[in-house]
Amino acid sequence: MKVTRRDMLFRIPALALGGLTLGGMIAGCRDDEKTTAGAPQAADPTKTNSLMSSLPLYYPGTEALQSNEMRISFLGTSPIPRLAQECESVFIEVGKGTDGPLDQFIFDVGSGVVAKYNAMGIPFRKMNKVFITHLHGDHTSDLTHIYCFGPSGDRKSPLFVWGPSASGLTDPSSGYVYNDDGLNVFCKTFRDMMRWHSESFSFGATSYASCPTLAKTITDWGLPAGTAPVTPTIGPPDGTTEGYAVVPIELNWSTIGGVAYNNPATGVKITHFPVIHCRKGSIGYKLEWTIPGGGGKRITVIFSGDTKPCYEMINQANNGGSGIDVFIHEMVVPAEVWAAKNLGYADVNSAKSDPRWTAALNYATAVQNSSHTSQGAFGYLLSQMTPSPRLAVATHFQATDDTIASATTSVRNHYPVGDLTFAADFMVLNVTTNNIVLRRAAVNEWAWYPQNKVYPDNNAPKYASPTAQLDLTDEIPTPKDVFGNDTYRTDGY
Ligand SMILES: [Zn+2]
Ligand SMILES: [Zn+2]
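Residues numbered from 1 in each chain as written. Chains lettered and ligands numbered in written order. Predicted model: local features only at pLDDT ≥ 70, side-chain atom pairs only at ≥ 80, totals over all residues.

## A short note on the overall build of the protein
At step 1: Each helix and strand counted, the protein has 15 helices and 16 strands in total.
At step 2: Computed over the C-alpha atoms, the radius of gyration of the protein is 24 Å, within 12% of the 23 Å expected from 2.2 N^0.38 for a compact globule of 493 residues.
At step 3: A principal-axis box enclosing the C-alpha atoms of the protein has dimensions of 80 × 60 × 55 Å.
At step 4: The burial tally for the protein puts 42% of its 493 residues in the buried class.
At step 5: For the protein, contacts bridging at least 24 residues in sequence account for 70% of all contacts bridging at least 6. (Helix = DSSP H or I, 4+ residues; strand = E, 2+ residues; numbered from the N terminus. Rg over C-alpha atoms; globule rule 2.2 N^0.38 Å. Buried ≥ 20, exposed ≤ 12 C-beta atoms within 10 Å, placed from the backbone. Contact = placed C-beta atoms within 7 Å.)

Listed below in structure tokens is the structure:
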């Protein structure tokens, strides 16, 4: 690992994090915090995040993980798409392998997050395992891009998607039982929906011959027997080494502690448990990493997905009395704030004179009551955990100086001392059993895809050429000049 002086300075003990996360708020912004338009951000608390600005920088691609180290990258942290915070996604990498980290996982894939993954230099081959907490659009939208363009890049093997089973709910008016709202149907429909895309790109290799067989993957990852790609409604079944194959691993949402993934080779075990969100069929995940060669030492992370406060969350975080390392939990702004912001007001008091106020507040309150954890409830949850998590991270939260100040007060009323922070996109945690280092990724807003891994044994493309699927009768051929030469270059310039 390349250790810079900066890294040495900021590899601080976890004990110092409280001060860093809550005491380190600095007004204004730094030179590297320019907006896209190039103008410095004004010191407006509704438009700044001094917590993020105060974090030391992490330069993606310059540090290999150590064999005992986990990296958690927050690449989508909001329930609504915004440039600074796209919808929910967390990327977790562990250990040191022969091709980068030993193992890696995506938790939720909200809209807009693939741009963040690109900026972090995360290639498609590392984005093949997606754990979805529930099937809301702000947690699933960018599955489309990961699926469609993975085989154009270097994921020339199936896409594995974990998620909850059908709600089992009945429509009270028709009596219709919703057995079609679980992950299996979602994935099958998704595969069919993307048929035009998958066929259109099949002039390139979309699988490679030495891809581990699906059966080996099932064994190695502790997946249920019979795990297989969904079968498209039309056309031949996808092969088990095919990049356009979608392999759902549907998890019974009501099971507490069900095993979603268990890989002894990397030490990662992921379990799931029910949470309470909007409609039956939402789950949270717990990732336990037993560090290979680490004498049984573990690093444990919970990702709540979306949920109201629930007892099982506390039980999972207590973890049989041993506690967890990083607790990532959703939290929402107060309903009044949500309503005011959606009406275009920076503060609640001026919004109250708007005739639309009551309807906006009622709707925001209904959303919170059906689905989410308030600031105070998040603090209360933390206060009930024994022992406390080493670091609590609130996410799914529009994090600016004004909302962070309010949330800090609410959370600290119940949870006065434990280490706490508020996620925004590009916040990066390096976690070992001794330290948690909190930084902000320095990224290139103009990044292309990361470098692809080239496989020497790609299978033959389905179609012979890029033009095999076209009707070219109306194509304009390159015109010739009087000497018979092309009038413009045919190499694209
Ligand atoms: Zn959400
Ligand atoms: Zn949701």
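## Digging into the sheet that holds strand β2 (residues 70-76)
At step 1: Taken in spatial order, the nine strands of this open sheet run β1-β16-β15-β2-β3-β4-β5-β6-β7, and their pairing is mixed. Only two strands of the sheet have a single neighbouring strand rather than two, namely β1 (57-58) and β7 (246-251).
At step 2: As paired strands, strand β3 (residues 89-94) and strand β4 (residues 103-107) are joined by five bridges and run antiparallel to one another. When the bridges of β4 are listed, Val90 appears paired with Phe107.
At step 3: Against the sheet, helix α7 (residues 183-193) touches β6 (159-164) and β7, its axis set at about 165 degrees to β7. (Pairing = 2+ DSSP bridges. Axes fitted to C-alpha atoms, helices over the stretch in contact; angles between N-to-C directions.)

## Concerning the pairing of β6
At step 1: Among the six residues of β6, six are classified as buried, and the element is accordingly described as predominantly covered.
At step 2: Pairing of strand β5 (residues 129-131) with β6 involves three bridges; the strand directions are parallel. By the bridge assignment, Val130 is partnered in β6 with Val161.
At step 3: With six bridges joining them, β6 and β7 adopt parallel strand pairing. Across the sheet, residue Trp162 finds its bridge partner in β7, namely Ile249.

## A closer look at the sheet that holds strand β14 (residues 420-422)
As a general point, the strands of a sheet are linked pairwise by backbone hydrogen bonds and lie either parallel or antiparallel.
At step 1: Spatial ordering of the open sheet is given by β8-β9-β10-β11-β12-β13-β14, a layout of seven strands whose pairing is mixed. The open sheet has two free edges, formed respectively by β8 (258-263) and β14, since each of these has just one partner strand. Here the average twist between neighbouring strands, direction ignored, is 15 degrees.
At step 2: By the bridge criterion, five bridges tie strand β12 (residues 326-330) to strand β13 (residues 391-395) in an arrangement that is parallel. Considered in β13, the bridge of Phe327 is made with Ala392.

## Things to note about α7
One turn of an α-helix holds 3.6 residues; hence residues three or four places apart share an orientation.
At step 1: Every buried residue belonging to α7 is among Leu183, Phe186, Cys187 and Arg191, and all of these are buried. What you see down the axis of α7 is that its buried residues fit within an arc of 130 degrees, all on one side.
At step 2: Buried positions along α7 lie against β6 and β7. (Arc of directions from axis to C-beta.)

## Re the environment of Leu65
At step 1: Following the sequence through the fold, Leu65 ends up in the loop between β1 and β2.
At step 2: Taking the number of C-beta atoms within 10 Å as the measure of exposure, Leu65 has 20 and is therefore buried.
At step 3: The spatial distance from the C-alpha of Leu65 to the C-alpha of Pro479 is 55 Å, given a sequence separation of 414 residues.
At step 4: Setting aside its immediate chain neighbours within four residues, Leu65 contacts Arg71, Glu93, Gly95, Lys96 and Pro101.

## Concerning helix α11 (residues 335-342)
At step 1: Burial runs high along α11: six of the eight residues are buried.
At step 2: Among the residues of α11, those classed as buried are Ala335, Val337, Trp338, Ala339, Ala340 and Lys341.
At step 3: Its buried side turned inward, α11 meets α12 (348-351), α13 (357-371) and α15 (401-414).

## A look at the nonpolar core
At step 1: Among the nonpolar cores identified, the biggest contains 107 residues, and Ile92, Val130, Phe131, Val161, Val301 and Val326 are the most heavily contacted of them.
At step 2: Ranked by residues supplied to this core, first place goes to α11 with five residues.
At step 3: Once residues lying within four places of it in the same chain are set aside, the contact partners of Val301 are Ile72, Ile92, Leu287, Ile324, Asp325, Val326 and Ile328. (Core = buried A, V, L, I, M, F, W, Y, C linked by C-beta atoms within 7 Å.)

## Details of the packing of helix α14 (residues 375-383) against α15
Helix packing for two helices is described by the angle between their axes and how far apart those axes are.
At step 1: α15 packs onto α14 with a crossing angle of 35 degrees between their chain directions and a minimal axis gap of 7 Å. For α14 against α15, the interelement crossing comes out right-handed. In this structure, α14 uses Gln375, Gly376, Phe378, Gly379, Tyr380, Leu382 and Ser383 to contact α15, whose residues at the interface are Ser406, Ala407, Ser410, Val411, Arg412, Asn413 and His414. (Left-handed = near helix turned anticlockwise from the far one by under 90°.)

## What to know about the pairing of β3
At step 1: Within β3, six of the six residues are buried, which leaves the element mostly enclosed by the surrounding structure.
At step 2: Here β3 shows two buried faces, one formed by Ser89, Phe91 and Glu93 and the other by Val90, Ile92 and Val94.
At step 3: Relative to β3, β2 runs antiparallel, the two sharing six bridges. Paired with Arg71 across the bridge in β3 is Glu93.

## Details of unusual backbone geometry
Keep in mind that most residues, glycine aside, have a negative phi and that most peptide bonds are trans.
At step 1: Cis peptide bonds are those with omega within 30 degrees of zero, and the linkage from Thr386 to Pro387 qualifies with -5 degrees.
At step 2: Within the secondary structure, Pro387 sits in the loop between α14 and β13.
At step 3: Despite not being glycine, His396 has its phi angle at roughly 65 degrees, a positive value.
At step 4: Within the secondary structure layout, His396 lies in the loop between β13 and α15.
At step 5: Residue classification places His396 among the buried positions, given that 29 C-beta atoms sit within 10 Å.
At step 6: At Phe426, a residue that is not glycine, the phi angle is positive and equals roughly 80 degrees.
At step 7: With respect to the helices and strands, Phe426 occurs in the loop between β14 and β15 (427-431).

By themselves, these observations are geometric and do not establish any function.
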